[in-house]
Each structure stands twice: as structure tokens, then as C-alpha cells.
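So you can see what is in the structure, the chains are spelled out below.
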Amino acid sequence: MCDTCGCNITPGNEHLIKSGGKLEKTARGHEAVDVLHSLLHENDHTAQHNREHFKAHGVVAVNLMSSPGAGKTALLEATIQALDGEFSLAVIEGDLETENDAERIRKHGVKAIQIATGSACHLDAHMVHDALHDLALDGLDIVFIENVGNLVCPASFDLGQRVNVALLSVPEGDDKPAKYPVMFRSADLVMISKADLLPILDDFRPDRAETYLRNLANDAPLIHTSAKSGEGMDDWLEWLRKLVAACKLEHRQNPDAHSQARHGHSHHEHDPEPVLANDP
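The rules behind each value
Residues numbered from 1 in each chain as written. Predicted model: local features only at pLDDT ≥ 70, side-chain atom pairs only at ≥ 80, totals over all residues. Heavy atoms only, no water. Pairing = 2+ DSSP bridges. Helix = DSSP H or I, 4+ residues; strand = E, 2+ residues; numbered from the N terminus. Right-handed = clockwise from strand over helix to strand, strands pointing away. Salt bridge = Lys/Arg side-chain N within 4 Å of Asp/Glu carboxyl O. Buried < 20%, exposed > 50% of the residue type's maximum accessible area, 1.4 Å probe, protein only. Axes fitted to C-alpha atoms, helices over the stretch in contact; angles between N-to-C directions. Parallel < 35°, antiparallel > 145°, perpendicular 65-115°, else oblique. Contact = heavy atoms within 4.5 Å. Nonpolar A, V, L, I, M, F, W, Y, C, P; charged D, E, K, R; others polar. Core = buried A, V, L, I, M, F, W, Y, C linked by side-chain atoms within 4.5 Å. Phe/Tyr/Trp six-rings, centres within 6.5 Å; stacked < 30°, edge-to-face > 60°.

A. The pairing of strand 3 (residues 111-116), seen in detail. Bridging between strand 2 (residues 89-95) and strand 3 involves six bridges; their strand directions are parallel. By the bridge assignment, V91 is partnered in strand 3 with A112. Handedness of the strand 2-helix 3 (residues 100-106)-strand 3 crossover: right-handed.

The structure is reproduced here in C-alpha cells:
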């Protein structure tokens, strides 16, 4: 769990431990360890619920993780522009406060759901689940989940995504995979962002960053990108295209299972909200 900063309880799961909540009392009373273990279990249960819902609609869910200011929103803006007319996209934005990033996305004509996490330094599966109530998945190809800027906690919470993408920006330094192994070990793609700054910040060595990544036994692709100059965007877009193609192929090959998942959609006992926007 998120033991490093004590933010296990979030606006998405706090209903579980409040009076009358599923985890109000543990089997042995009120022990913190039991509560934290149960919260993680509930998160994973909801994440699987989210994952099945994305699959049922043939939607690729991409979890974007990085430190603050690494360029996630700029990458999304450039991606939206590049894929305009090719794919239908939506974004779930996570920040402690404000709708600044969501507003940037909406200016490009893309649906953006803002999640304000308050004091929580990560998104969890319950927050994403709640956001899906306001997001019709029919007709979408990709949902980007822009996680809260943080190199530690987001990697510990499954959201129901298909893939994790970790950004490492040039100004941060090339040693971040070694310092924050959990996030970079979980990445299905690592992007060295703001690559246009490499000639200026020449103490950042991409080969050293890759060595740190491979030392984590992660053979994920590593690409250099710059949302500003366009460097590496073709590699990123091609990676996304392959993901979408694989997802659509799975959807076509197993339509009965996906149909059952959609029609069998149900909410947890603790969830009083209505069914998702695109559920029958």
C-alpha cells in the first residue's frame, strides 16, 4: 500500500471505513494493518471491475505516471492533435486540486473528467470507477488516465488500466529509475520526455537511464519524446496504434464474453450510485 506517506485513505475509498461502511470494523477490532490490507483488497477488486468494463467496450485504458511537471498533459495535447480523426479519445485527470489540466484537454474538443484527490497523492480504482459514471465508453478507442504527479504512490494502486506508461523528463535526472524502482518496474513503456532539452542538459545520459531501467529486469520499450519539437512522437503514436489494434482484435474474437461483461455489470454493495452511463 501507500505506506510511505499515509495516504491510503482517499476520497474514493473513505466510504468503506466510515460508520456503516464495509470496513468500519475488522475481524479483530480496529487494527490499522487489517484496514489497510482490506482497502488494498477492495481497490484490486474495483480495479478488476474497471478493467472488465474497459474490455467490454473495446477501450484501451492507459495510465500515465510521472513526477509533477514531467509533461504528461503536454504529451496528451500533442497526442490528441496527432490522432485527430483517427481515434476517439477521452481523458481522466487526477490532481489534488483545480481543473487546470482538464481544461487544457477540453480546449482540444476531448472529453475530460477531473478527479480532485484532496490530500491523496495518487488515484485509486474507486476514483476511476466513480469517474466512469460520467464517461460514456461506447465509441471510444483510448481513455488516458493522467495520474497525480508523484513517482512513488501511483505505482502501488491498480486502476484497471491495460498499460502503464512512465515519463522521465530530462530536467529530473537520469537516475530516477534507480531511485523509484516500483514505478519504473511496473511500466509497459518508458518515455524520456522533454528530449529537446538533451543538448542543453547534457548531464542527462539516456544510456544510463536505460541501464537503470534494465537493472530492474524491465525490458519495456524506452523512447525519447518531445511534445514541443515532435521528436519521438511517431514512435509513441505507433505504440498506441498497436495497442488499439490488439484490443479491437480481442474484442472481435470474443464478443460473447464482452457482451456478458457489459450486461452482467453490477456495482458493489457499498456503491449506491447509478449504473455507468453506457450500461444497459
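From this point on, the discussion continues.
B. Region of the structure containing the pattern of salt bridges. On inspection of all chains with the given rule, the structure shows 12 salt bridges. A salt bridge links E86 to R241, with the nearest nitrogen and oxygen atoms 2.7 Å apart. Of this pair, E86 sits in the loop between helix 2 (72-82) and strand 2 while R241 sits in helix 8 (residues 233-253); the two residues are 155 residues apart in sequence, bridging distant segments of the chain. Here E86 falls in the partly exposed class, since its relative accessible area comes to 35%.

C. Structural view of the packing of helix 2 against helix 8. Interaxial distance between helix 2 and helix 8 falls to 11 Å at its minimum, and their mutual angle equals 70 degrees. As judged from the angle between their axes, helix 2 and helix 8 are roughly perpendicular. Packed against helix 2, whose contacting residues are L75, A78, T79 and A82, the element helix 8 presents M233, W236, L237 and L240 at the interface. Tallied by class, the residues present in the contact of helix 2 with helix 8 amount to seven nonpolar, one polar and no charged.

D. How the structure looks around the side chain of T225. Take T225: it is sitting in the loop between strand 7 (222-224) and helix 8. Taking relative accessible area as the criterion, T225 reaches 3% and is therefore assigned buried. Setting aside anything within four residues of it in sequence, one finds T225 in contact with M191, I192, S193, K194, A195, E231 and G232.

E. Structural context of the sheet that holds strand 1 (residues 60-65). Strand order in the open sheet made by the seven strands is 3-2-4-1-5-6-7, with parallel pairing throughout. Only two strands of the sheet have a single partner each, and these edge strands are strand 3 and strand 7. Across the sheet, the mean angle from the axis of one strand to that of its neighbour is 20 degrees, orientation sign disregarded. Sitting on the sheet, helix 7 (residues 206-214) touches strand 5 (163-169), strand 6 (189-193) and strand 7, and the angle it makes with strand 7 is about 160 degrees. Sitting on the sheet, helix 8 touches strand 1, strand 4 (142-146), strand 5, strand 6 and strand 7, and the angle it makes with strand 1 is about 145 degrees.

F. Up close: the nonpolar core. Grouped together as the largest cluster of nonpolar side chains are 32 residues, with contacts concentrated most on V62, F144, V165, W236 and L240. Put simply, the parts of the chain that give this core at least two residues each are strand 1, helix 2, strand 2, helix 3, strand 4, strand 5, strand 6 and helix 8. Counting residues per element, this core draws most heavily on helix 8, which supplies eight residues. When residues no more than four places from it in sequence are discounted, the contact partners of F144 are V62, L64, L76, T79, L89, A90, V91, I92, W236 and L240. Residues V59, L132, L135 and L159 belong to the second largest nonpolar core, which totals 19 residues.

G. Quick look at the packing of aromatic side chains. Within this structure, the stated rule accounts for two aromatic pairs. Ring centres 6.3 Å apart and planes at 35 degrees place the aromatic pair F144 and W236 in the tilted group. One end of the pair, F144, is in strand 4; the other, W236, is in helix 8, and 92 residues separate them in sequence. Residue F144 is classed as buried on the basis of its relative accessible area, which comes to 0%. Note on W236 and W239: the rings are 6.0 Å apart at their centroids and 20 degrees apart in plane angle, and the pair reads as stacked. Of the two residues, W236 and W239 both sit in helix 8, three residues apart, roughly one turn of that helix. One aromatic cluster is present, built from ring pairs that chain together F144, W236 and W239.

H. Looking closely at the side chain of N218. Looking at the secondary structure, you find N218 in the loop between helix 7 and strand 7. Residues within four places of N218 in sequence aside, it is in contact with F184, R185, S186, A187 and L213.

I. Here's a closer look at unusual backbone geometry. Phi at K194 takes a positive value of approximately 60 degrees, unusual for a residue other than glycine. Along the chain, the position of K194 falls in the loop between strand 6 and helix 7. On the basis of relative accessible area, K194 is assigned to the partly exposed category, the value being 30%. The backbone of A217 sits at a positive phi, close to 60 degrees, despite the residue not being glycine. Locating A217 in the fold gives a position in the loop between helix 7 and strand 7.

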